[in-house]
Amino acid sequence: MNIIIFGPNGSGKGTQGAIIQKKFNIPHIETGVIFRKNIAEGTELGKKAKVYIDKGELVPDEITIPMILNRLKEPDCANGWLLDGFPRNLAQAEALYEALAKENIPLDYVIEIQLDRQIAKNRIMGRRLCVNDNNHPNNIYIDAIKPAEKDGKFVCRICGGELSTRADDQDEAAIDKRHDIYYDTEKGTMAAINFFKERVNVITVDGSPGVNEVSEEILKKLG
Ligand code: AMP
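This is a predicted model, so every value here is computed, not measured.

## Overview of the sheet that holds strand β9 (residues 163-164)
The strand order β6-β5-β9 describes an open sheet built from three strands, whose pairing is antiparallel. Every other strand in the sheet has two partners, leaving β6 (138-139) and β9 as the edge strands with one partner each. Relative to β9, strand β5 (residues 127-130) runs antiparallel, the two being bridged by two bridges. Across the sheet, residue Leu129 finds its bridge partner in β9, namely Ser164. Strand contacts of helix α6 (residues 117-126): β5 and β6, with the helix running at about 40° to β5, the strand carrying the most contacts.

Quick look at the structure:
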């Protein structure tokens, strides 16, 4: 099962991605996570990417496109994958579509989570990352995934692990820039979504209800 999931930053895309990954037992490939891992490990790729990520800008396509196309060739992707955070602009969508067509790899589902820009922004600022597992979603503003409390401090609601914030999640200018890119219908992520809408059946869901309602809707539409 090969799936792409779209949604603005703060729409719960990562949370829903974790649920879909479990259901279909496929790797959840998140561009942002790959970049952050490289930054933490101090790799050359991480050093290059950090400059853009800190500003909320896209890492250049020359770096991102081959990184993801190579990732899809790894053995754990043989039975499918869930792409999250890629493609993020029209050029990436075209490159992915072409690469898949060339290798006869089907694209089974494209999911779009729709959410109002201001709601998405509030959710981003409440997001907390579990140091133990990226698929342990926590958000101080969303009841369904609100972190637990221990010794007066928020900890991961799933494993009790420490929580951290992303620098680019607390920076309003960076959030606005990321949303500008997402909602751009000319060359940005909305352009990528429209590209797929012209070619495949895109499943659209409303991201405003709670985590469980949204995941039920997605799983129902995935059949
Ligand atoms: P995310 O974790 O998806 O919010 O991504 C964090 C940051 O990583 C973004 O603001 C970009 O700087 C970078 N990034 C993630 N995905 C892509 C992509 N497909 N193309 C270029 N840059 C990306």
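## Remarks on the site of the ligand
By nearness alone, 16 residues border the ligand, and Asn9, Glu57, Gly85, Arg88 and Gln92 come closest of all. Residue Asn9 places a side-chain N or O atom 2.9 Å away from an oxygen atom belonging to the ligand. In this structure, Glu57 approaches the ligand through a main-chain N or O atom, which is 2.5 Å from an oxygen atom. Here the ligand has 480 Å² of accessible area as a free molecule, and 96% of this is covered by the chains.

## Some details on the pattern of salt bridges
The final tally for this structure, using the stated rule, is 18 salt bridges. Across the salt bridge formed by Lys50 and Asp54, the nearest N and O atoms sit 2.5 Å from each other. In this structure, Glu198 engages Arg199 in a salt bridge whose closest nitrogen and oxygen atoms are separated by 3.6 Å. Judged by relative accessible area, which is 39%, Arg199 ranks as partly exposed. Among the charged side chains, a network of salt bridges with common partners joins Arg127, Arg166, Asp168, Asp169 and Arg178.

Cut-offs used in this document
Residues numbered from 1 in each chain as written. Predicted model: local features only at pLDDT ≥ 70, side-chain atom pairs only at ≥ 80, totals over all residues. Heavy atoms only, no water. Pairing = 2+ DSSP bridges. Helix = DSSP H or I, 4+ residues; strand = E, 2+ residues; numbered from the N terminus. Contact = heavy atoms within 4.5 Å. Axes fitted to C-alpha atoms, helices over the stretch in contact; angles between N-to-C directions. Near = heavy atom within 4 Å. Polar contact = N/O pair within 3.5 Å; in protein donor to acceptor, adjacent residues only side chain to side chain. Areas by Shrake-Rupley, 256 points an atom, 1.4 Å probe, with all protein chains shown as cover. Salt bridge = Lys/Arg side-chain N within 4 Å of Asp/Glu carboxyl O. Buried < 20%, exposed > 50% of the residue type's maximum accessible area, 1.4 Å probe, protein only.

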